[in-house]
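Coordinates in review
Spelled out from the first residue to the last, the chains are:
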Amino acid sequence: SAPATGKTEKKKNIDYQQVYNDIAEMLDEDSDYDDGSYGPVLVRLAWHASGTYDKDTKTGGSNGATMRFAPESKHAANNGLAIARDLMEKIHAKYPEISYGDLWTLAGVCAVQELGGPTIPWRSGREDAFETSCTPDGRLPDAGKKEDHIRDIFYRMGFNDQEIVALAGAHALGRCHPDRSGFEGPWQEAPTVFSNEYFKAISTRKWVKKDLKNGGWQWVDKNNTDVMMLPAEIAMYNDKEFKKYFDLYAKDEDKFFKDFAAVFQKLLELGVPFKGDEKVYHFKRTTE
Ligand code: DDH
C-alpha cells in the first residue's frame, strides 16, 4: 500500500472537467439576466479574486478566496459579485471538496472558453483561507483614474504593459451597471462573445464624453451612445506604450487570443502555492 504521506492523504478526487461542464450549463440558464449570460460576471469574479495580489508581500490573489468574507466582499470594487459567488455556491454544494479559489478561477476559465475565447490552461492547488487574510481595500483598479494609477496597480501584481493591455481585452465581455460601478453599458455591441472587438472599438471609434446622472462621466461612441469606455481606458489608449498593444490586438485577433490565454492563466495563478506536480487541464468546450 502507498505510504501515508500528507500529500497522498490530501489528494482530491474531483472530476474538474465535470465541474467545468456543470458551470457551462449554468451560464445561460436565465435569459433575463443582463445580455443572457452569467459568463461575464463569472470572469469578473475570477479576476477580482486574483487581482488583489501584491508581489512584494506575497499577499492576496486567488488562493484563499477571501472575497467570501467582509470586509473584502463589501469593497466597492466587488459590488455585484455576490451574484457570481451565489451561483458558485450551487456548484460547491455538488463538489464540497473543491476549494473556492479553484472553483472561482475554473469558472472564469469556463466562461472565457464557452463564450468563444481561447483555451486557458488551469491547475488546481488553491486552499481556502480565513477572513483574517482579507486584503485591504484599494488593490483593484479605479476606473475613474489615469494610466499611471493603472500601471501602479498592475505592476504591483507583476504584470508589464503588454500584459496589462491584453488583460483589458476581457472587456469584450459584459457591461457596466449603474448600481454596481456607477458606469453604464457594454464596451461594444456583442458582450457575450469573447473576441478582439474591444480593441477594434477603442481604436477605431470616435469617443465623446458623457455626463452621468450620478455626477460622474464616461466616454461613449458618438454613433452609438449605448456603447462606452471608462475614463481609465481612454487615458490608457492615449499612452504611447500602451497604445501600440491596443493597435496590435485590434489588427491581430490570433495574437490577442494567444497572449490573453497566457496572461489570464498567470493572473489566476498569482500567489498560488503550487508544488510543481499539478496536472495542467485543458478543458474541453461543451461544443467540442
Ligand atoms: Fe473590468 N470592469 N476593469 N476587467 N470587467 C468592469 C466590468 C468587467 C476595470 C473596471 C471595470 C479588467 C480590468 C479592468 C471584466 C473583466 C476584467 C466594470 C463594470 C468596471 C468599472 C462593473 C459593473 O458595473 O458591473 C478597470 C478600470 C480595469 C483596468 O484594467 C484598468 C480585467 C483585467 C479583467 C479580466 O477579466 C482579465 C468583466 C468580464 C466585466 C463585466 C462584468 C459584468 O458583470 O458584465
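Before reading on, note that the structure itself is shown above.
Below is a short write-up of the structure. Since the structure is predicted, the reported quantities are computational estimates derived from the model, not experimental observations. (Residues numbered from 1 in each chain as written. Predicted model: local features only at pLDDT ≥ 70, side-chain atom pairs only at ≥ 80, totals over all residues. Heavy atoms only, no water.)

Points about the site of the ligand
As a reminder, the rule being used: The rule for a residue being near a molecule or strand is that one of its heavy atoms must lie within 4 Å of it. Here a polar contact means two N or O atoms within 3.5 Å. Within protein one must be a hydrogen donor candidate and the other an acceptor candidate, and residues neighboring in sequence count only if both atoms are side-chain atoms. In this description a helix means any DSSP run of H or I spanning at least four residues, a strand means any run of E spanning at least two, and both kinds are numbered starting from the N terminus. Three classes are used: nonpolar for Ala, Val, Leu, Ile, Met, Phe, Trp, Tyr, Cys and Pro, charged for Asp, Glu, Lys and Arg, and polar for all others, with Gly counted as polar.
Neighbouring residues of the ligand: 22 residues in total, closest Trp 47, His 171, Arg 175, His 177 and Ser 181. For the ligand, an oxygen atom lies 2.6 Å from a polar atom in the side chain of Ser 181. Top contributing element to the shell around the ligand by residue count: helix H3 (residues 39-50), with five residues. When grouped by side-chain class, the residues that make up the shell around the ligand number 15 nonpolar, four polar and three charged.

Some thoughts on the environment of Lys 200
For clarity, the threshold we go by: Note on classification: 1.4 Å probe, protein chains only; a residue is buried when its accessible area is under 20% of the maximum for its type, exposed when over 50%, partly exposed between these limits. Residues count as neighbours in contact if any of their non-hydrogen atoms are within 4.5 Å of one another.
Its location among the elements puts Lys 200 in helix H8 (residues 197-204). We classify Lys 200 as partly exposed; its relative accessible area is 35%. Along the chain, Lys 200 and Asp 142 lie 58 residues apart, while their C-alpha atoms are 23 Å from each other. Discounting residues that sit within four places of it in the chain, Lys 200 has contacts with Arg 205 and Ala 250.

Side note on the sheet that holds strand E4 (residues 217-221)
Keep this limit in mind: Each pair of strands is called paired provided DSSP finds at least two bridges between the two strands. Between N-to-C directions, angles span 0 to 180 degrees; the directions come from axes that are lines fitted to C-alpha atoms, helices contributing only their stretch in contact.
If you trace the three strands from one edge of the open sheet to the other, you get E3-E4-E5, paired in antiparallel fashion. Of all strands in the sheet, those with a lone pairing partner are strand E3 (207-211) and strand E5 (224-229), marking the two edges. Taking the axes of each pair of neighbouring strands and ignoring which way they run, one obtains an average angle of 50° across the sheet.

What to know about the coordination of the iron atom of the ligand
The line we're drawing: For Na, K and Ca the donor cut-off is 3.2 Å, and for all other metals it is 2.8 Å, counting N, O and S atoms only; because water is absent from this set, sites may look incomplete.
Inspection of the coordination sphere of the iron atom of the ligand shows a single protein donor, His 171 (NE2), at 2.1 Å. As for its position among the elements, His 171 is in the loop between helix H7 (161-168) and strand E1 (175-176).

Notes on the pattern of salt bridges
Quick note on the threshold: We count a salt bridge whenever a side-chain nitrogen from Lys or Arg sits within 4 Å of a carboxyl oxygen from Asp or Glu.
Enumeration over the complete set of coordinates arrives at 17 salt bridges. Of the charged contacts in the structure, one is a salt bridge between Asp 56 and Lys 55, with a shortest N-O distance of 3.9 Å. Notably, a salt bridge pairs Arg 123 with Glu 269, separated by 2.8 Å at the nearest N-O pair. Of this pair, Arg 123 sits in the loop between helix H5 (100-114) and helix H6 (147-157) while Glu 269 sits in the segment after helix H11 (253-268), and the two are 146 residues apart along the sequence. What makes Arg 123 buried here is its relative accessible area of 18%. Owing to a relative accessible area of 15%, Glu 269 belongs among the buried residues under this scheme. Within this structure, Arg 151, Asp 161 and Asp 239 form a network of salt bridges that share partners.

What to know about the nonpolar core
The tendency in soluble globular proteins is for nonpolar side chains to be buried side by side. Defined as follows: Nine residue types can take part in a nonpolar core, namely buried Ala, Val, Leu, Ile, Met, Phe, Trp, Tyr and Cys, and a core is a set of them joined through side-chain atoms within 4.5 Å. For the purposes of this description, domain bounds are those given by an automatic or database domain assignment.
Within the largest apolar cluster, 89 residues are counted, with the highest numbers of intra-cluster contacts made by Ile 23 and Met 88. It is H5 that contributes the most residues to this core, nine residues altogether. The residues that make up this core include at least three from each of domain 1 (14-139 + 262-268) and domain 2 (147-261). Those residues in contact with Met 88 that sit more than four places away from it in its chain are Ile 23, Met 26, Leu 42, Leu 45, Leu 103, Trp 104 and Ala 107.

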